[in-house]
Amino acid sequence: MLKIRAYFCFALAICLLGIKTEVKANDHYEIVTNTGVNEKVLSVNSLRSIFSMHLKTWSDGTKIRVFVFSDDDQLHQNFSKEKLNVFPYQLRSTWDRLVYSGTGQAPIKVNSAEEMLAKVASTPGAIGYLWRANINENVNVLEIK
């Protein structure tokens, strides 16, 4: 009986590890741009400047249009912390300061991955971020260095 219980626990552990690995593999996200954006590689500092709304044009002069999810969205939290090294509330504070001082605009908020994909794909100069599973050929994926 003890041997059967040990085998059962071992099999359960293997199953749980497999599930965790599968979920983790699907959790990856990418920075995406409109297909008309010429940049394929972007520095972390440039990315921070874009999402803090300080860098306003691409190298060819096209206006940058920034799309983001709400502060409580898991992808937005991951993106803010991992790529920009700030908490979402710090990013929001930066945007609010620009808006209330009259010196800039906040990014455009979207409510779903489908809306993010559609907006980035259809807006010249657009940039956003998506789970890898939601990305298709209608957007470019940026490499961040």
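These numbers were taken from a predicted model, which means no experiment stands behind them.

A. Highlighting the overall build of the protein chain. When helices and strands are tallied, the protein chain shows 5 helices and 6 strands. When its helices and strands are written in sequence order, the protein chain yields α-β-β-α-β-α-α-β-α-β-β. In the protein chain, which comprises 145 residues, the proportion classed as buried is 32%. In the protein chain, of all internal contacts separated by at least 6 residues, the share reaching a separation of at least 24 is 70%. When the accessible surface of the protein chain is totalled, it reaches about 8,900 Å², and 57% of it is carbon and sulfur.

B. The arrangement of helix H5 (residues 113–122) in detail. Turning to H5, its buried residues number three or more, namely Ala-113, Met-116, Leu-117 and Val-120. Summarising the axial view, the buried residues of H5 lie within an arc of 95°, below the 170-degree limit, and thus occupy one face. Opposite the packed face of H5, turned more than 90 degrees from it, sit the exposed residues Glu-114 and Ser-122. In this fold, the buried residues of H5 make contact with strand S1 (29–34), strand S3 (65–68), strand S5 (126–131) and strand S6 (139–144).

C. Structural view of unusual backbone geometry. With a phi angle near 70°, Met-53 is a residue other than glycine that sits in the positive phi range. By the element assignment, Met-53 lies in the loop between helix H2 (44–51) and S3. Met-53 sits in the buried class, given a relative accessible area of 14%. Even without glycine at this site, Asn-85 takes up a positive phi of about 60°. Looking at where Asn-85 falls in the secondary structure, it is placed in the loop between helix H3 (74–82) and helix H4 (88–101).

D. Region of interest: the pairing of S6. Bridge count between S1 and S6: 4 bridges; the pairing is antiparallel. Opposite Asn-34, over in S6, you have Val-139 as the bridge partner. Relative to S6, strand S2 (residues 41–42) is paired through 2 bridges, and the arrangement is parallel. Bridge assignment links Leu-42 to a residue of S6, and that residue is Ile-144.

Rules and cut-offs
- Residues numbered from 1 in each chain as written.
- Predicted model: local features only at pLDDT ≥ 70, side-chain atom pairs only at ≥ 80, totals over all residues.
- Heavy atoms only, no water.
- Helix = DSSP H or I, 4+ residues; strand = E, 2+ residues; numbered from the N terminus.
- Buried < 20%, exposed > 50% of the residue type's maximum accessible area, 1.4 Å probe, protein only.
- Contact = heavy atoms within 4.5 Å.
- Areas by Shrake-Rupley, 256 points an atom, 1.4 Å probe, with all protein chains shown as cover.
- Arc of directions from axis to C-beta.
- Pairing = 2+ DSSP bridges.

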